[in-house]
Amino acid sequence: MGKRIKDTIFHIIPAYSILPLLFTVIMNSVAYYGGRLLAGNLPHIVLETPLDNRIPLIPWTLMIYFGCYIFWIVNYILIAREDRESVCRFFSADITARLVCFVFFLVLPTTNIRPEIPATGFWNQGMRFLYRVDAADNLFPSIHCLTSWFCYIGIRNRKEIPSWYQKLSCIAAIAVFISTLTTKQHVLFDVAGGVILAEITWWAAGHTCLSDIYKIILQKTENTGRKWFEK
């Protein structure tokens, strides 16, 4: 890897956070695509409630649903720039949560009933595109909501992060929750499941040996990662 590229990466992200970020991306792909591959032909249940039926379809909120990827990238980089102990706690919680998602996708496959979308209009076309590329599965708990709430958890009460940005991140996460409902991608149980799972694994990472186990795994792979980046 070129020296300029390495210097740029390590200027933005500390060396000890490179592997945690990669592990998270890999585990997210395993949970999402692996769950779909293994449980695709299993019976799926619907967790929709009468309250979900009262939530309107609002196609323009697709902008929030897709725009959250920018939110995720920015906040995960901010979190990756914290001290090593904080990084280990956060990413051990994050990866554990995605493992739990994977288990739920296999043992409790869910789906939902999507509305018919008219073919006319910019936002309607966007909704039709979303429904084509994203099947109605892997819904509970919602990874969209899980990741968005982690974006807030990871900077919550951090002195080096301005309080206005912490509040903005909380608002952004809630906006993502709403967008998953108003695009009819998820139901209320999915949203609640993602938030609760994030909070539980975050607590566990700070009050059990979970973070220590992750740290040991990280240390065993860190030398290999460092050699790869030094090539």
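Below is a summary of the structure that appears in this document.

The rules behind these values
Residues numbered from 1 in each chain as written. Predicted model: local features only at pLDDT ≥ 70, side-chain atom pairs only at ≥ 80, totals over all residues. Heavy atoms only, no water. Salt bridge = Lys/Arg side-chain N within 4 Å of Asp/Glu carboxyl O. Helix = DSSP H or I, 4+ residues; strand = E, 2+ residues; numbered from the N terminus. Buried < 20%, exposed > 50% of the residue type's maximum accessible area, 1.4 Å probe, protein only. Axes fitted to C-alpha atoms, helices over the stretch in contact; angles between N-to-C directions. Parallel < 35°, antiparallel > 145°, perpendicular 65-115°, else oblique. Left-handed = near helix turned anticlockwise from the far one by under 90°. Contact = heavy atoms within 4.5 Å. Nonpolar A, V, L, I, M, F, W, Y, C, P; charged D, E, K, R; others polar. Expected span 1.5 Å × (residues − 1). Polar contact = N/O pair within 3.5 Å; in protein donor to acceptor, adjacent residues only side chain to side chain. Phe/Tyr/Trp six-rings, centres within 6.5 Å; stacked < 30°, edge-to-face > 60°. Lys NZ or Arg CZ within 6 Å of the ring centre and 35° of its normal.

## Thoughts on the pattern of salt bridges
A complete count under the given rule lists 8 salt bridges for this structure. Between R36 and D137 there is a salt bridge, with the nearest N and O atoms lying 2.7 Å from each other. Pair noted here: R36 is in helix α2 (residues 15-39) and D137 is in the loop between α6 (122-133) and α7 (143-153), with a separation of 101 residues, a long-range link. Classification of R36 as partly exposed rests on a relative accessible area of 21%. Among the residues examined, D137 registers a relative accessible area of 12% and is labelled buried. A salt bridge links K215 to E85, with the nearest nitrogen and oxygen atoms 2.8 Å apart. With K215 in helix α10 (residues 210-230) and E85 in helix α5 (residues 84-107), this residue pair connects regions lying 130 residues apart in the sequence. The buried category is assigned to K215, whose relative accessible area is 18%. Exposure remark for E85: the relative accessible area of 47% places this residue in the partly exposed category. If you follow the salt bridges from partner to partner, you end up with E82, D83, R158 and E160 in one network.

## Looking at unusual backbone geometry
Geometrically, the link from F140 to P141 is a cis peptide bond, its omega value of -5 degrees lying close to zero. Residue placement: P141 occurs in the loop between α6 and α7. The backbone of N138 sits at a positive phi, close to 50 degrees, despite the residue not being glycine. Its location among the elements puts N138 in the loop between α6 and α7. At K184, a position not held by glycine, the phi torsion is positive, near 60 degrees.

## Some points on the environment of I213
Mapped onto the fold, I213 is located in helix α10. Given the relative accessible area of 44%, I213 is considered partly exposed. C-alpha separation for the pair I213 and S169, spaced 44 residues apart in sequence, amounts to 29 Å.

## Overview of the packing of α5 against helix α9 (residues 188-207)
Between α5 and α9, whose axes approach to 8 Å, the crossing angle comes to 135 degrees. One way to sum up the angle between α5 and α9 is to call them oblique. Here α5 and α9 pass one another in a crossing that is right-handed. Contacts between α5 and α9 pair R89, F90, S92, A93, T96, A97, V100 and C101 from the former with L197, T201, W202, W203, A205, G206 and H207 from the latter. Taken together, the residues of the contact of α5 with α9 break down into 9 nonpolar, 5 polar and 1 charged.

## Quick look at α5
In this model α5 runs 35 Å from its N-terminal to its C-terminal C-alpha over 24 residues, within 8% of the 34 Å that 1.5 Å per residue would give. The opening residue of α5 is D83, an N-cap whose side-chain oxygen sits 3.2 Å from the backbone nitrogen of E85.

## Topic: the packing of aromatic side chains
Counted according to the given criterion, the structure contains 13 aromatic pairs. An angle of 75 degrees between the planes, with centres 5.4 Å apart, marks the rings of F90 and F150 as edge-to-face. You can see F90 sitting in helix α5 and its partner F150 sitting in helix α7, a full 60 residues away along the chain. Across this residue pair, the class does not change: F90 and F150 are buried. For the pair W164 and Y165, a centre-to-centre distance of 5.6 Å together with 90 degrees between the ring planes defines the contact as edge-to-face. With relative accessibility at 56%, the residue W164 sits in the exposed group. The class of Y165 is buried, set by a relative accessible area of 16%. Among the aromatic residues, ring-to-ring pairing joins Y76, F90, F91, F150 and W202 into one connected group. Here the guanidinium or amino end of R89 rests over the ring plane of W202, the centre of that ring lying 3.8 Å away.

Interpretation in functional terms is not warranted from these geometric data alone.
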